[in-house]
Amino acid sequence: MNKLKTYTFYQIYVRNYTKEGTFKALINKLDYIKSIGVKVIQLLPINEIGKLGRKGTLGSPYAIKDYYKINPELGTLDDFKDLIKEIHNRDMLVIMDVVFNHTSRDNNLLKEHPEFYYHDENGDFANHFGDWSDVYDLNYTNNLPLINYVTNVLEYYLNLGIDGYRFDVASFLTNEFYKYAFPKLRKINKNIILLAEAVEPEFANYVRGKGGNCCSDSELFTDGFDLLYRYSNYYLLRDFLLKKGDINLDFYKKSFLYENISLPTNALKIGTLENHDIARIASFTNYDPLRMNLNAFIFFIKGSGFIYGGQETKEYKLPNLFEKDLISTNVVDLNYFNFIKKLVELKKDPINEELIQSDCLDVHEKVLAFKNIYKNQQPIIGLFNLTENPITINSNLLEDGNYINLLNNEKIIIRNHTIKFNYPLYLDKLDWSFVFFI
């Protein structure tokens, strides 16, 4: 059994989460976060930010100057330790974002260990890909001293009480590094959570075309990651939403079949539909049922739940990473807030530990339908309408019968394999005794 299937992660950018933007102020918000039902708090990078080539006024938290120093604008090391303690006191876990593909352009390692870095054909410090003007890339190829240094950093924060890590652009680091570091980390904390930001396919293909290293999703799981971002097919859903449903979901649906057969049996992904890098769900539509369908869908399928701070309050704005840009967690729509809490509550159900896989059912071109299959349990069907109107489905894949919608305990009847719906449905059939499963 894997408890990660029952966890919901809550991502926080400390600088922009409270007016003060500090660890101390975040402690005062922990009871609010706990009330949502969250299990894991995920912090964006908390280390000192570089000044050379800095983006914006305050700089990117992904351009780190010193891995062992806390960003002073967030507080002190003791403040950070207090935050960890208070999170644990509330029976929650905390993981931190680590950035080991690159450093700021004034990182202390540039002088102390220039051999840790990638150099271009002229012998200058550089980065491989993209307009990342505030960073230089590290070079892990045949570089055991660097691998050992970074492993020591990870061990340091584990010994402070951190419960795990989210690895930024994890695909770009090497298998050699992960296979060296992860066993050492698990000796300190056997329950450590290791989450990878696996890059989108187009970016991965571009990197490999330039001769760069880019691990596949399957490799990252084999290397020891517990969870990956669901980026392998997100772009297909994003295109559908951006074009307001003018295209169909065929490729997106087929991608789940490919994912099921191409990854290890027990592989898990995390349900991130919005985070610090990608648009808010609320920015795609003002139509509440569609927002609710999207959230319900990503919580339904196999894997951990995920909330980017403010997602639960329909926050529209994607905060600026380089400035003070406060988000709102004011609950202005209690029904919507309670709906998100219900999704988290259902994700916590122990039955999810027994979830084997989520099979995609092709019942309608604008509807996502999944059947969750459990060990020795009856299946649950999820139906998610991705249009801004009620929709009617007629499909032999829908068994006639009486169901309960687990989201609100409403009784749902399917007759002649037909159902009309608008809001999301988690359908649990009242009697599966004589049904031959599809």
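Figured I'd write up the structure that's included with this text. Keep in mind that what you see is a predicted model, and the values were worked out from it rather than measured.

Parameters at a glance
- Residues numbered from 1 in each chain as written.
- Predicted model: local features only at pLDDT ≥ 70, side-chain atom pairs only at ≥ 80, totals over all residues.
- Heavy atoms only, no water.
- Helix = DSSP H or I, 4+ residues; strand = E, 2+ residues; numbered from the N terminus.
- Rg over C-alpha atoms; globule rule 2.2 N^0.38 Å.
- Buried < 20%, exposed > 50% of the residue type's maximum accessible area, 1.4 Å probe, protein only.
- Contact = heavy atoms within 4.5 Å.
- Areas by Shrake-Rupley, 256 points an atom, 1.4 Å probe, with all protein chains shown as cover.
- Lys, Arg positive; Asp, Glu negative; His and termini not counted.
- Charge placed at Lys NZ, Arg CZ, Asp CG, Glu CD.
- Pairing = 2+ DSSP bridges.
- Axes fitted to C-alpha atoms, helices over the stretch in contact; angles between N-to-C directions.
- Salt bridge = Lys/Arg side-chain N within 4 Å of Asp/Glu carboxyl O.
- Core = buried A, V, L, I, M, F, W, Y, C linked by side-chain atoms within 4.5 Å.
- Disulfide = S-S within 2.5 Å.
- Patch = residues over 30% accessible without salt bridge, like charges linked within 9 Å, V, L, I, M, F, W, Y side chains within 5 Å.
- Parallel < 35°, antiparallel > 145°, perpendicular 65-115°, else oblique.
- Left-handed = near helix turned anticlockwise from the far one by under 90°.
- Polar contact = N/O pair within 3.5 Å; in protein donor to acceptor, adjacent residues only side chain to side chain.

**Focus on the overall build of the protein chain**
In step 1: In terms of regular secondary structure, the protein chain is built from 13 helices and 20 strands.
In step 2: Against the compact-globule benchmark of 22 Å for 438 residues, the protein chain has a radius of gyration of 22 Å, which places it among compact chains.
In step 3: Each principal axis of the C-alpha distribution contributes one length, and for the protein chain these read about 70 × 45 × 40 Å.
In step 4: In the protein chain, which comprises 438 residues, the share counted as buried stands at 58%.
In step 5: Of the contacts made within the protein chain by residues no fewer than 6 positions apart, 72% connect residues no fewer than 24 positions apart.
In step 6: When the accessible area of the protein chain is evaluated, it comes to approximately 18,500 Å², of which 49% is carbon and sulfur surface.
In step 7: In the protein chain, which carries 50 positive and 56 negative side-chain charges, the distance between the mean positions of the two groups comes to 3 Å.

**Examining the sheet that holds strand S13 (residues 355-361)**
In step 1: Reading across the sheet, the 6 strands line up as S13-S14-S15-S20-S17-S18 and stay open at both edges, with antiparallel pairing between neighbours. With partners counted over all chains shown, the strands left at the sheet margins are S13 and strand S18 (410-414), one partner each. Averaged over all neighbouring strand pairs, the angle between strand axes comes to 30°, with direction disregarded.
In step 2: Of the pairings in the sheet, the one linking S13 to strand S14 (residues 367-374) comprises 6 bridges and is antiparallel in character. Pairing of Asp359 across the sheet is with Lys371, part of S14.

**Brief notes about the sheet that holds strand S8 (residues 164-167)**
In step 1: Taken together, the 8 strands give an open sheet; going across it, the order is S11-S10-S9-S8-S5-S2-S1-S12, and neighbouring strands pair in parallel fashion. Either end of the sheet is taken by a strand with one partner, and the two such strands are strand S11 (268-270) and strand S12 (305-308). The average angle at which neighbouring strand axes cross in this sheet is 25°, direction not considered.
In step 2: Strand direction decides the pairing type here: strand S10 (residues 227-229) and S11, joined by 3 bridges, are parallel. Counted as the bridge partner of Leu227 is Leu268 from S11.

**Points about the pattern of salt bridges**
A pair can form between side chains of opposite charge whenever their charged atoms are brought close.
In step 1: Under the counting rule described, the total for this entry stands at 22 salt bridges.
In step 2: Between Asp362 and Lys253 there is a salt bridge whose closest N-O contact spans 3.1 Å. Of the two residues, Asp362 is situated in the loop between S13 and S14 and Lys253 in helix H11 (residues 250-262); the sequence distance between them amounts to 109 residues.
In step 3: Judged by relative accessible area, Asp362 falls into the exposed class, the value being 51%.
In step 4: One salt bridge in this structure joins Asp333 and Lys314, with 2.9 Å as the shortest N-O distance. Here Asp333 is found in the loop between S12 and helix H13 (334-347), whereas its partner Lys314 is found in the loop between S12 and H13, with 19 residues between them in sequence.
In step 5: Residues joined by salt bridges that share partners form a network here, namely Asp97, Arg166, Asp168 and Glu197.

**Comments concerning the nonpolar core**
In step 1: In this structure, Ile33, Phe80, Tyr165 and Phe167 are the most contacted members of the largest nonpolar core, which totals 122 residues.
In step 2: Dropping the residues within four chain positions of it, Phe167 is found in contact with Val98, Phe100, Leu154, Phe177, Tyr178, Phe182, Leu194, Leu195, Ala196, Glu197 and Phe225.
In step 3: Of all hydrophobic cores here, the second largest spans 16 residues; its members include Leu361, Val367, Ile391 and Leu398.

**As for the pairing of strand S16 (residues 391-394)**
In step 1: Here S16 shows a buried face lined by Ile391 and Ile393 and an unburied face lined by Thr392 and Asn394.
In step 2: Looking at chain direction, S16 and strand S19 (residues 418-421) are connected through 4 bridges and run antiparallel. Paired with Ile391 across the strands is Phe421, a residue of S19.

**Brief notes about the state of the cysteines**
In step 1: Inspection of every chain in the model, using the stated rule, returns 0 disulfides.
In step 2: You can see Cys215 has no disulfide; the closest cysteine sulfur is in Cys214, sitting 7.0 Å from it.
In step 3: Owing to a relative accessible area of 4%, Cys215 belongs among the buried residues under this scheme.

**What to know about a nonpolar patch on the surface**
In step 1: Where nonpolar side chains cluster on the molecular surface, the patch consists of Leu257, Tyr258 and Ile261 and spans about 390 Å² of accessible area.
In step 2: Mapped onto the secondary structure, Ile261 falls in helix H11.

**Section: the packing of helix H6 (residues 144-160) against helix H7 (residues 175-188)**
Any two packed helices are characterised by the angle at which their axes cross and by the distance between the axes.
In step 1: Packing of H6 against H7 leaves a shortest axis separation of 10 Å and a crossing angle of 25°. One element, H6, and the other, H7, form an angle in the roughly parallel class. In this structure, H6 crosses over H7, and the sense of that crossing is right-handed. Counting all contacts with H6, which are made through Leu144, Ile147, Asn148, Val150, Thr151, Leu154, Glu155, Leu158 and Asn159, the residues of H7 involved are Glu176, Phe177, Tyr180, Ala181, Lys184, Leu185 and Ile188.

**What to know about the side chain of Asn101**
In step 1: Its location among the elements puts Asn101 in the loop between strand S5 (93-98) and strand S6 (102-104).
In step 2: In terms of polar contacts, Asn101 uses its side chain to reach the side chain of His102, at 2.9 Å.
In step 3: Apart from the residues within four sequence positions on either side, Asn101 is in contact with Trp132, Asp137, Leu138, Val169, Phe172 and Leu173.

**Overview of unusual backbone geometry**
In step 1: Here the phi dihedral of Asn416 falls at roughly 55°; this positive angle occurs in a residue that is not glycine.
In step 2: Residue His417 is not a glycine yet carries a positive backbone phi of 60°.
In step 3: As for its placement among the helices and strands, His417 is situated in the loop between S18 and S19.
In step 4: Overall, the relative accessible area of 25% leaves His417 in the partly exposed class.

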